[in-house]
Amino acid sequence: MEIYKKGLKYCFFHGQDEIGLIDCPIDGSHQVLPKKLKQHLKKCNKIKRINEIKQNPFFQEKINNELEVKEKQKIITIQKEQPELFQKLIDYIPIAFEKAINQYTQYLQKLNIDTDNIKDYILDVQGDKNQVEISHKEKDLIQVELLCNLMRQYNLIDSDNIYVEYGAGKGRFSHQVAETLKQFSNHYACHVLIEREPRKQKYDKYQRKNPYYIRCRLDITDFNLHKLKEQIGFIKPFVGICKHMCGGATDLTLTSLLSQQQPIRGLAIATCCHHLCTLDTYKNPQFLQQIGFNENEAELMFQCSSWYVSGAINKFIADPVESQK
């Protein structure tokens, strides 16, 4: 490749407009010369990766989402374009919140769970007190340890389970579950880790002795959990685990697990990025209708859901007038 070309102001990589490069139609993350496009399409690495994915024994296209997943969510600048609707939404949110709290309270009462101070619990009023700044690595470790402690409380750490970690990343959560199990059992559990991106420094290396520690590089949308029995030769109750499941990925996870004929023993899901939820994946539209939101308003609610985590709730409670400014 000729990096520097006489007469051009920039090198090959920084002067793409001058050279006349175009985006690859298969993978827009790289560019190619128009005259070499036909040749490039025959050997593009993206095509090779797509073919590899389709050969994966767990692959079944769009099995967990019959509708097409939206690649980019439409951002609605409601505050500028529709100020009246914006104000209506702001006014209605407290009413919808009360309705949601009432439904949640009734649900907890059926399970004989204490509902005192349920609002403070949901709002996490005390959550930002006495916080100490720690590194992302330390925070990640604390999170997975707390999740595993909760799983132990609900008897979800057992070698008779099959653990399916969706959006596994480096596999820190599965590794912690496996290490927790070693504290009171000499038997291995089956772990299936689903991740669509290539990851380095994976925790899988610490579980090499476990013959049923399986990693699949797939999108959750295309992951067919029904085929697991064909691969391992047995089936046990499933436990779905995942941490930092962005937006609709949580809904795809629920679809994958709840479509199984085998029993689901439990779920341990730490969600995030609720503003990335989409109507085509959302699992409980009836709930939004019950608290008074139609489809258009529901899309707005998805985007507005990130407002709450933009600042400390205690500041709003202490001085609501100043916070509203």
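Note on numbering: residues in each chain are counted from 1, in written sequence order. Local features in a predicted model are, by the rule used here, given only for residues with pLDDT of at least 70; side-chain atom pairs are given and counted only at 80 or more, and totals for whole chains, interfaces and linings are based on all residues. In computing side-chain values, all of the structure's heavy atoms are included and hydrogens and water are not.

A. Structural context of the overall build of the protein. What counts as a helix is a DSSP run of H or I of at least four residues, what counts as a strand is a run of E of at least two, and both are numbered from the N terminus. If you tally the helices and strands in the protein, you get 14 helices and 7 strands. The cut-offs for exposure are 20% and 50% of the maximum accessible area for each residue type, with area from a 1.4 Å probe on protein chains only; residues under the lower value are buried, those over the upper are exposed, and the others partly exposed. Scored against the burial criterion, the 325 residues of the protein give a buried share of 34%. Put simply, of all contacts in the protein between residues at least 6 apart along the chain, 66% involve residues at least 24 apart. Here the protein displays about 21500 Å² of accessible surface, and carbon together with sulfur accounts for 50% of that area. Here, two residues are considered to be in contact whenever any of their heavy atoms come within 4.5 Å of each other. Accessibility throughout is a Shrake-Rupley quantity obtained with a 1.4 Å probe, and a residue counts as covered only by protein chains that appear here.

B. Summary view of the nonpolar core. Side-chain atoms within 4.5 Å link the members of a nonpolar core, which is a set of buried Ala, Val, Leu, Ile, Met, Phe, Trp, Tyr and Cys residues. Ranked by internal contacts, the top residues of the largest apolar core, which has 21 residues, are V164, Y166, I194, F223, L225 and L228. At the level of secondary structure, the elements contributing two or more residues to this core comprise β3 (162–166), β4 (190–194), β5 (213–216), α9 (228–232), β6 (238–246) and α10 (248–258). In this structure, F223 is in contact with F58, I63, N64, V164, Y166, V192, I194, L218 and S256, ignoring residues within four places of it in sequence.

C. Quick look at the environment of N161. Within the element layout of this structure, N161 appears in the loop between α7 (136–153) and β3. Residues N161 and H191, 30 residues apart in the sequence, show an inter-C-alpha distance of 8.8 Å. Within the structure, N161 has its side chain in polar contact with the backbone oxygen of L156 (distance 3.2 Å). Polar contacts, as used here, are pairs of N or O atoms within 3.5 Å; protein pairs need one atom able to donate a hydrogen and one able to accept it. Residues neighboring in sequence count only if both atoms are side-chain atoms.

D. Local environment of α7. An ideal rise of 1.5 Å per residue puts 26 Å on 18 residues; α7 measures up with 26 Å between its terminal C-alpha atoms. Buried residues of α7: V144, L147, C148 and M151, and no others. Projected down its long axis, α7 shows its buried positions confined to an angular sector of 100°, all on one face. Packing partners of the buried residues in α7 comprise β3, α8 (172–182), β6 and β7 (264–272). Following α7 by one or two positions, N155 has its phi on the positive side, about 55°. Expected helix span is given by 1.5 Å per residue-to-residue step, counting one fewer step than there are residues. The reported arc concerns the directions from the helix axis to the C-beta atoms and nothing else.

E. View of unusual backbone geometry. Phi is positive for N112, which is not a glycine, with a value near 60°. The topology assignment puts N112 in the loop between α5 (83–110) and α6 (118–123). Residue classification places N112 among the exposed residues on the basis of a relative accessible area of 73%. Backbone geometry at N155 places phi at a positive 55°, although glycine is not the residue there. Among the structural elements, N155 can be located in the loop between α7 and β3. Classification of N155 as exposed rests on a relative accessible area of 63%.

F. Seen up close, helix α12 (residues 295–304). Counting buried positions along α12 yields 7 of 10 residues, so the element is predominantly enclosed. Capping of α12 at its N-terminal end is provided by N294; its side-chain oxygen lies 2.8 Å from the backbone amide nitrogen of E297.

G. View of a nonpolar patch on the surface. For patch detection, residues must exceed 30% relative accessible area and be free of salt bridges, and they are connected within 9 Å for like charges or within 5 Å for nonpolar side chains (Val, Leu, Ile, Met, Phe, Trp, Tyr). By salt bridge we mean one thing: a side-chain nitrogen of Lys or Arg within 4 Å of a carboxyl oxygen of Asp or Glu. Side chains of Y104, Y107, L111, I113, Y121 and I122 sit close together on the surface and give an oily, nonpolar patch of about 600 Å² of accessible area. Elements with a minimum of two residues in the nonpolar patch: α5 and α6. In this fold, L111 is placed in the loop between α5 and α6.

H. Molecular detail of the packing of α7 against α8. Interhelical geometry of α7 versus α8 gives an angle of 50° and a closest axis separation of 10 Å. One element, α7, and the other, α8, form an angle in the oblique class. Considering how the two elements wind past one another, α7 and α8 form a crossing that is right-handed. Taking contact as the criterion, the partners of D140, L141, V144, E145, L147, C148, M151 and R152 in α7 are, on α8, R172, F173, Q176, V177 and T180. When the residues that make up the contact of α7 with α8 are grouped by side-chain class, the tally is 7 nonpolar, 2 polar and 4 charged. Axes, fitted as lines to C-alpha atoms, cover a helix only where it is in contact. Angles between the N-to-C directions of the axes lie from 0 to 180 degrees. Angles below 35 degrees are treated as roughly parallel, those above 145 as roughly antiparallel, those between 65 and 115 as roughly perpendicular, and all remaining angles as oblique. We call a crossing left-handed when the near helix sits turned anticlockwise from the far one by less than a right angle, and right-handed when that turn is clockwise. We call Asp, Glu, Lys and Arg charged. Ala, Val, Leu, Ile, Met, Phe, Trp, Tyr, Cys and Pro are nonpolar, and the rest, Gly among them, are polar.

I. Highlighting the packing of α5 against α12. Put simply, α5 and α12 touch, their axes get as near as 12 Å, and they point 75° apart. Relative to α12, the element α5 lies roughly perpendicular. In this structure, α5 uses L85, K88, L89 and I93 to contact α12, whose residues at the interface are N296, E297, L300, M301 and C304. In terms of residue class, the contact of α5 with α12 is built from 6 nonpolar, 1 polar and 2 charged.

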